[in-house]
Amino acid sequence: MTATGDTGFEPATGDGPPLPESAAVARSAAVATAHEGLLQIRRLTNVEHPAPEAVPAAWELLRPVRAVALALEAAGVRPSAVHTSGLRASTGYLVGSGSVPGTVRVEWVGPVGSGAAQDEEESLTRCAGVLRGLGWTALLYRGPRRRRFLEVEPPSGLRQPSAR
């Protein structure tokens, strides 16, 4: 969950290490810059749409997990984190690949006993609102053990561009 590094900015997917409090301000600035960059990509590439910022860009369709994670982090939704021991360190979103290529799964997870399961409907509804506001289709489902999750996909009519 570092703001920068050898590979550049990486949005928090919820499976990285906890962010030290001392890095919070720098991380917030990096997230804001990355999100503004994404909106600029939308403005420049979605010129055929009346509201170019309201539709995912081709870049996002090629990297939907990154795009969804960035959208959630930029909206102030907190990501979960994992200690080096492998145990969940904090409650928040967890973003990963969905069951169908080009889709994303968003879960609300936390340490054992954290109450994440009780908060998941409200928290995932907030996540869905953020993503829908950015043009994604986000549907709330109930999975195994009655745990809820979001399945996120591009709006109908948008297809994943061919990777070349």
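Below: a short report on this structure. (Residues numbered from 1 in each chain as written. Predicted model: local features only at pLDDT ≥ 70, side-chain atom pairs only at ≥ 80, totals over all residues. Heavy atoms only, no water.)

1. What to know about the overall build of the chain
When you go through the chain residue by residue, the secondary structure sums to four helices and six strands. Reading the helices (α) and strands (β) of the chain from amino to carboxyl end gives α-α-α-β-β-β-β-α-β-β. Taking 15 Å as the expected radius of gyration for a compact globule of 164 residues, we find that the chain reaches 16 Å, a close match to that expectation. Across its three principal directions, the C-alpha atoms of the chain cover 50 × 35 × 30 Å. Long-range pairs, those at least 24 residues apart, make up 49% of the contacts in the chain between residues at least 6 apart in sequence. When the accessible surface of the chain is totalled, it reaches about 9100 Å², and 55% of it is carbon and sulfur. The average position of the 17 basic charges and that of the 16 acidic charges among the side chains of the chain differ by 5 Å. (Helix = DSSP H or I, 4+ residues; strand = E, 2+ residues; numbered from the N terminus. Rg over C-alpha atoms; globule rule 2.2 N^0.38 Å. Contact = heavy atoms within 4.5 Å. Areas by Shrake-Rupley, 256 points an atom, 1.4 Å probe, with all protein chains shown as cover. Lys, Arg positive; Asp, Glu negative; His and termini not counted. Charge placed at Lys NZ, Arg CZ, Asp CG, Glu CD.)

2. A word on helix H3 (residues 64–74)
In an α-helix, one turn spans 3.6 residues; hence positions three or four apart end up facing the same way. Across the eleven residues of H3, nine count as buried, placing the element largely inside the fold. Looking only at H3, the buried set comprises Pro 64, Val 65, Ala 67, Val 68, Ala 69, Leu 70, Ala 71, Leu 72 and Glu 73. For H3, the secondary structure elements touched by its buried residues are helix H1 (24–45), helix H2 (58–62), strand S3 (92–97), strand S4 (104–109), helix H4 (116–133) and strand S6 (148–153). (Buried < 20%, exposed > 50% of the residue type's maximum accessible area, 1.4 Å probe, protein only.)

3. Side note on the pairing of S6
Burial of S6 is extensive: five of the six residues sit out of reach of the surface. In this structure, S4 lies alongside S6, joined through four bridges in antiparallel fashion. Considered in S6, the bridge of Val 106 is made with Leu 150. Counting the residues in the hairpin turn of strand S5 (residues 137–142) and S6 gives five residues, including Arg 145, whose phi is positive at 55°. (Pairing = 2+ DSSP bridges.)

4. A look at the pairing of S5
The sheet contact formed by S5 and S6 spans six bridges and is antiparallel. Note on S6: the bridge partner recorded for Ala 138 is Val 152.

5. Here's the deal with the nonpolar core
Among the nonpolar cores identified, the biggest contains 26 residues, and Val 68, Leu 72, Val 95, Val 106, Leu 131 and Val 152 are the most heavily contacted of them. Counting residues per element, the ones that place at least two in this core are H3, S3, S4, H4 and S6. Counting six residues, the second-largest nonpolar core is a separate cluster that includes Phe 9, Ala 30, Ala 34 and Leu 38. (Core = buried A, V, L, I, M, F, W, Y, C linked by side-chain atoms within 4.5 Å.)

6. Remarks on the environment of Val 82
On the secondary structure map, Val 82 appears in strand S1 (residues 81–82). Given the relative accessible area of 16%, Val 82 is considered buried. Considering only alpha carbons, one finds Val 82 and Gly 110, 28 residues apart in sequence, at a separation of 9.2 Å. Among all residues touching Val 82, those that are not within four sequence positions of it are Gly 14, Asp 15, Gly 16, Pro 17, Pro 18, Leu 87, Arg 88 and Ala 89.

7. Describing the packing of H1 against H3
Describing two packed helices takes the angle between their axes plus the distance from one axis to the other. Axis separation between H1 and H3 bottoms out at 9 Å; the angle between their running directions is 125°. Considered as vectors, H1 and H3 are oriented oblique to each other. Of the two possible hands of crossing, H1 and H3 adopt the one that is left-handed. Where H1 abuts H3, its residues Arg 27, Val 31, Ala 34, His 35 and Leu 38 lie against Leu 70, Ala 71, Glu 73 and Ala 74. The class makeup of the residues in the contact of H1 with H3 is six nonpolar, one polar and two charged. (Axes fitted to C-alpha atoms, helices over the stretch in contact; angles between N-to-C directions. Parallel < 35°, antiparallel > 145°, perpendicular 65-115°, else oblique. Left-handed = near helix turned anticlockwise from the far one by under 90°. Nonpolar A, V, L, I, M, F, W, Y, C, P; charged D, E, K, R; others polar.)

8. Examining the packing of aromatic side chains
If you walk through the whole model with that rule in mind, you get one aromatic pair. Over the face of the ring belonging to Phe 149 we find Arg 105, whose NZ or CZ atom lies 3.7 Å from the ring centre. (Phe/Tyr/Trp six-rings, centres within 6.5 Å; stacked < 30°, edge-to-face > 60°. Lys NZ or Arg CZ within 6 Å of the ring centre and 35° of its normal.)

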